[in-house]
Amino acid sequence: MEFKTFVFYFLSTILVVASLRVITARNPVHAALFLVLAFFTASGVWMLLQAEFLAITLVLVYVGAVMVLFLFVVMMLDINLERMRQGFWNNLIPGLVVGGLILTEMVLVLGAKHFNLDNVPNPPPAAAGYSNTKELGRLIYTDYVYPFELAAVVLLVAMIAAIALTMRKRKDVKWVDPAAQVAVKRSDRVRMVSMPAEKD
Amino acid sequence: MNFVMPDFIPAAAEIFILAMACVVLLADLFFGKTNRWLTYFLTQASLVGAAAISAWLILNHGGDIMLTFGNMFIRDLMADFLKLVVYLAVALVVLYGRGYNALRGLDRGEYYLLVLFATLGMMVMISSNHFLTMYLGLELLSLSLYTMVALDRESARSTEAAMKYFVLGALASGLLLYGMSMIYGATGTLEISGVAGALHNHMALTPVLTFGLVFLVAGLAFKLGVVPFHMWIPDVYQGAPTAVTLMIGSAPKLAAFAMAIRLLVFGLFDMATHWQPMLIFLAVLSIALGNIAAIAQTNLKRMLGYSAISHMGYMLLGLLAGIGVDGGNHGANAYSSAMFYAIVYVLTSLASFGMIILLSRAGFESEELDDFKGLNKRSPWFAAMMMIVMFSMAGIPFFIGFFAKFWVLQAVVHAGHVWLAVFAVMMSLIGSYYYLRVVKLMYFDEPAEDAPIAAAPDMRFLLSVNSLAIAALGLMPGQLMSLCAYVLTGGQ
């Protein structure tokens, strides 16, 4: 066995086991950590495919930022494990049926018959000094600039949406703006009321 | 390293809307707190400006097909025409919703921004010649709509609706992407015309393609809201603030139509014998369930939601009638009837939700059927307008909705599916019950209250124009139909 093939099978085994543990682990923190492991090994597989930029991005963005955030959220939420497990056995049978159906279909379709090396040949090996990152950057800013800009707009909308849905002005704080305090004038505080003199 | 600068002219309207959205964002940030009218004004101005650009493109380039951005963007007569209708629909949405939002604290800058971004998403979808941009446009539209549904943060009902919409929408996007990736795997290209070419030339219909097609149609059905992928429609229609329901129920249907026709007809036409039965299945279920479930509703918004399901089913009838039982191509007539249906539905939907907004006031939603009781005594004029809208939706002859149904059914009969047409007519008869019930409530029941209608004059005027247009178009439906056919054939 070639060394590369060995590495591939080694990483793939870890990937499959880790992915399974993500959905079977009882503790949500463990599940999140297994997801981190799955991302790590997946990035190794990408590295084997010479997609080094994607591999590094996967680690930096997903492992470094998204999953850490995710872990924090999982730890901060008070997850009631008992309630989450309710209905597991009731939903198991239909879940297995649907899952089994989809699995059979996918195996039939994605099996070696349609995606073998005759139908999808190996790409020609890249020349020496070929930089995946550079090529990706060139494509994104030239040929794919339109979808790239659109993705940026989607992110802008996500930002606006997050602010619109979560930002609240608290009404009950007793904080006073110092500038307003200093600039206060006599007329703001004291009101002269002229009252007719009364006698009795 | 040979990069040719893309031609920006065909996409000028999109670029303009995006630039204006950023202007509105900044203007609202700095002046919006006290001058919300400015945001409103700028939003309408950007729609008018984009309409001018699209009209200019039509006048100067007519039916030319212009591809730009590496063939990802297509500009043809259909795209520009549909965009013009989208601007009109969105402008009416913003106008109708303004007073409603102001009374409920929803009159925030974000509302206008999200409307503009949703418009941009629809335009991108309409002009897309690439799976990638189709998906991105769809996400841009959907993300804006999810947020708009949740914009009323105090309302538990809106939040629940937004949550459902978001989860199901994300699932649908996943299905769609999965289908697209399968088709990419089989044909080796993401470009819609490229897929069509690959299918036409040498492609044997492998299971991979069929598998991809199933997922693609499922994702599309989710977005159109047809049975069995309709679960979100009633809850979202009812739960969202009416001004947002107005948005969801109108212009995006045109984008969904454009998406369906670009993906299925322009892209996967050589698989029509595969997708036609799927669309028949979806259409039959939608027409049946939409019409029957609507009868049981007491909430007008929810009822209109079920009615939307059935209407989308009728629109699918037009799309599937392009290929006859005998294998003949009846495309031109069938697709223009579907387009006609979509446009007519958008117009009537705008008027019907506009009516709900018109009758609502501070602290009162007027969305129950009972709220329409005795409307004739309160306002004979608007009772008549609502009657026009309901008659048109029911498909009563000589209102525009009748011709929409008539032409779709005619296309179905031409394609040889007589049983399908008979079934659709039966269901339409059942459906007219719940539309006519609204008319009965308005004219023959005693009013439950006598509060005067408190809507701004511009809204009253344009809602009347909108309703009267439905009646007037019913007198000359041929012009609009031939316009649709003209647009679809690229100006021949």
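Remember, it's a predicted structure, so these values are computed and weren't measured experimentally.

Moving on to the overall build of chain B. Helix and strand counts for chain B stand at 20 helices and 2 strands. For 492 residues, the compact-globule estimate of 2.2 N^0.38 gives 23 Å, and the C-alpha radius of gyration of chain B, at 22 Å, lies within 12% of that figure. Overall, chain B is about 70 × 55 × 40 Å in size when its C-alpha atoms are taken along their principal axes. Taken across its 492 residues, chain B has 58% of its residues classed as buried. Sequence-distant contacts in chain B: of pairs separated by 6 or more residues, those separated by 24 or more amount to 79%.

Check the secondary structure of chain A and you find 9 helices and 0 strands. Start at the N end of chain A and walk to the C end: the helices and strands fall as α-α-α-α-α-α-α-α-α. Here chain A has a C-alpha radius of gyration of 30 Å; the compact-globule value for 200 residues is 16 Å, and the former is much larger. Dimensions of chain A along its principal axes, counting C-alpha atoms only, are 115 × 55 × 30 Å. In chain A, which comprises 200 residues, the share counted as buried stands at 8%. Restricting the contact set of chain A to residue pairs at least 6 apart, pairs at least 24 apart contribute 55%.

Take the interface of chain B and chain A next. A common way to state how big an interface is: give the accessible area lost once the parts meet. Every contact between the two is made by 27 residues of chain B and, on the other side, 20 residues of chain A. Mapped by element, the contributors of at least two residues to the side of chain B that touches chain A are helix H4 (109-126), helix H5 (131-150) and helix H8 (207-224) of chain B. Take the side of chain B that touches chain A: its biggest share by element is 9 residues, from H5(B).

All names here are of chain B. H5 packs onto H4 with a crossing angle of 155° between their chain directions and a minimal axis gap of 8 Å. With respect to H5, the axis of H4 lies roughly antiparallel. For the pair H4 and H5, the sense of crossing is left-handed. Along its contact with H4, which presents Tyr111, Leu114, Phe117, Ala118, Leu120, Gly121, Met122, Val124 and Met125, the element H5 presents Thr133, Met134, Leu136, Gly137, Leu138, Leu140, Leu141, Ser144, Leu145, Thr147 and Met148. Across the contact of H4 with H5, the residue classes tally to 15 nonpolar, 5 polar and no charged.

Attention shifts here to the packing of helix H13 (residues 300-320) of chain B against helix H17 (residues 400-414) of chain B. Residues and elements named next belong to chain B. Two elements in contact, H13 and H17, have axes whose closest approach is 8 Å; the angle formed by their N-to-C orientations is 40°. The orientation of H13 with respect to H17, classified from their angle, is oblique. Considering how the two elements wind past one another, H13 and H17 form a crossing that is left-handed. Seen from H13, the contacting residues are Tyr314, Leu317 and Gly318; seen from H17, they are Lys405, Val408, Ala411 and Val412. Looking at the contact of H13 with H17, its residues break down into 5 nonpolar, 1 polar and 1 charged.

This part covers the UniProt feature "transmembrane region" (unreviewed entry) in chain A. All names here are of chain A. Residues given the UniProt feature "transmembrane region" (unreviewed entry) here are residues 6-24, 31-49, 55-77, 89-112 and 144-165. The span residues 31-49 is 95% helix and 0% strand, and its two end C-alpha atoms sit 27 Å from each other. The span residues 55-77 carries 96% helix and 0% strand; its end-to-end C-alpha distance comes to 30 Å.

Each full turn of the α-helix corresponds to 3.6 residues, which orients residues three or four apart in the same direction. At A:Pro94, helix H5 (residues 88-110) of chain A shows its strongest bend, of approximately 30°. With 1 of 23 residues buried, H5(A) is to be regarded as a mostly surface element.

Right, let's get into the environment of B:Met148. Residues and elements named next belong to chain B. Within the secondary structure, methionine 148 is located in helix H5. With 28 C-beta atoms counted inside 10 Å, the residue methionine 148 sits in the buried group. For the pair methionine 148 and methionine 247, spaced 99 residues apart in sequence, the C-alpha to C-alpha distance is 9.2 Å. Contact partners of methionine 148, with chain neighbours within four places excluded, come to Tyr111, Leu114, Val244 and Met247.

Take unusual backbone geometry next. All names here are of chain B. Note that the residue after valine 227, namely proline 228, is joined by a cis bond; omega there is 5°. Of note, the phi angle at serine 366 is positive, near 55°, even though the residue is not glycine. Inspection of the secondary structure puts serine 366 in the loop between helix H14 (331-359) and helix H15 (375-378).

As a further point, take helix H6 (residues 156-187) of chain B. Over its 32 residues, H6(B) extends 46 Å from the first C-alpha to the last, a length consistent with the 46 Å expected when each residue adds 1.5 Å. The first or second residue beyond H6(B) is B:Gly188, which carries a positive phi of 80°.

Mean pLDDT for chain B: 90, with 99% of residues reaching 70 or above. Interface scoring of the predicted complex returns ipTM 0.92; its pTM is 0.90.

Turning to the environment of B:Gly239, a few remarks are in order. Residues and elements named next belong to chain B. Locating glycine 239 in the fold gives a position in helix H9 (residues 232-239). With 27 C-beta atoms packed within 10 Å, glycine 239 lands in the buried category. Spatially, the C-alpha atom of glycine 239 lies 48 Å from that of asparagine 201, the residues being 38 residues apart in sequence. When sequence neighbours within four positions are dropped, the list of residues in contact with glycine 239 reads Val149, Arg157, Ser158, Glu160 and Ala161.

Let us look at the environment of B:Leu358. All names here are of chain B. Structurally, leucine 358 is set in helix H14. The exposure class assigned to leucine 358 is buried, which follows from the 25 C-beta atoms found within 10 Å. Sequence separation between leucine 358 and methionine 481 is 123 residues; the distance between their C-alpha atoms is 30 Å. Setting aside residues no more than four positions away along its own chain, leucine 358 makes contact with Phe382, Ile453, Ala455, Met459 and Leu463.

Scoring rules and cut-offs
All residue numbers refer to positions counted from 1 along the written sequence of the respective chain. Chain letters and ligand numbers both follow the written order, the letters beginning at A and the numbers at 1. This being a predicted model, a pLDDT of at least 70 is required before a residue's local features are given, and a value of 80 or more before pairs of side-chain atoms are given or counted; all residues contribute to the totals for chains, interfaces and linings. Note on conventions: DSSP H or I runs of at least 4 residues are helices, E runs of at least 2 residues are strands, and numbering of each starts at the N terminus. This radius of gyration counts C-alpha atoms alone. The globule rule is 2.2 Å times how many residues there are, raised to the power 0.38. Residue burial here comes from a neighbour count, namely the number of other C-beta atoms, placed from the backbone, that lie within 10 Å of the residue's own C-beta, with 20 or more meaning buried, 12 or fewer meaning exposed, and in between meaning partly exposed. Note on contacts: each residue gets a C-beta atom placed from the backbone, and two residues are in contact if those atoms are within 7 Å. A fitted line through C-alpha atoms represents every axis, and for helices the fit uses only the stretch in contact; the resulting angles, taken between N-to-C directions, go from 0 to 180 degrees. Any angle that falls under 35 degrees is termed roughly parallel, while one over 145 is termed roughly antiparallel, one within 65 to 115 roughly perpendicular, and all others oblique. The sense of a crossing depends on the near helix, which, turned anticlockwise from the far helix by less than a right angle, makes the crossing left-handed and, turned clockwise, makes it right-handed. In this classification, Asp, Glu, Lys and Arg are treated as charged, Ala, Val, Leu, Ile, Met, Phe, Trp, Tyr, Cys and Pro as nonpolar, and every other residue, Gly included, as polar. UniProt positions are given in the numbering used here, feature names are shortened, and annotations may be inferred rather than shown by experiment. The angle between axes fitted to the seven-residue stretch ending at a residue and the seven-residue stretch beginning at it gives the bend at that residue. The span expected for a helix works out to 1.5 Å for each residue beyond the first. You can read pLDDT as the predictor saying how much it trusts each residue, on a scale of 0 to 100.

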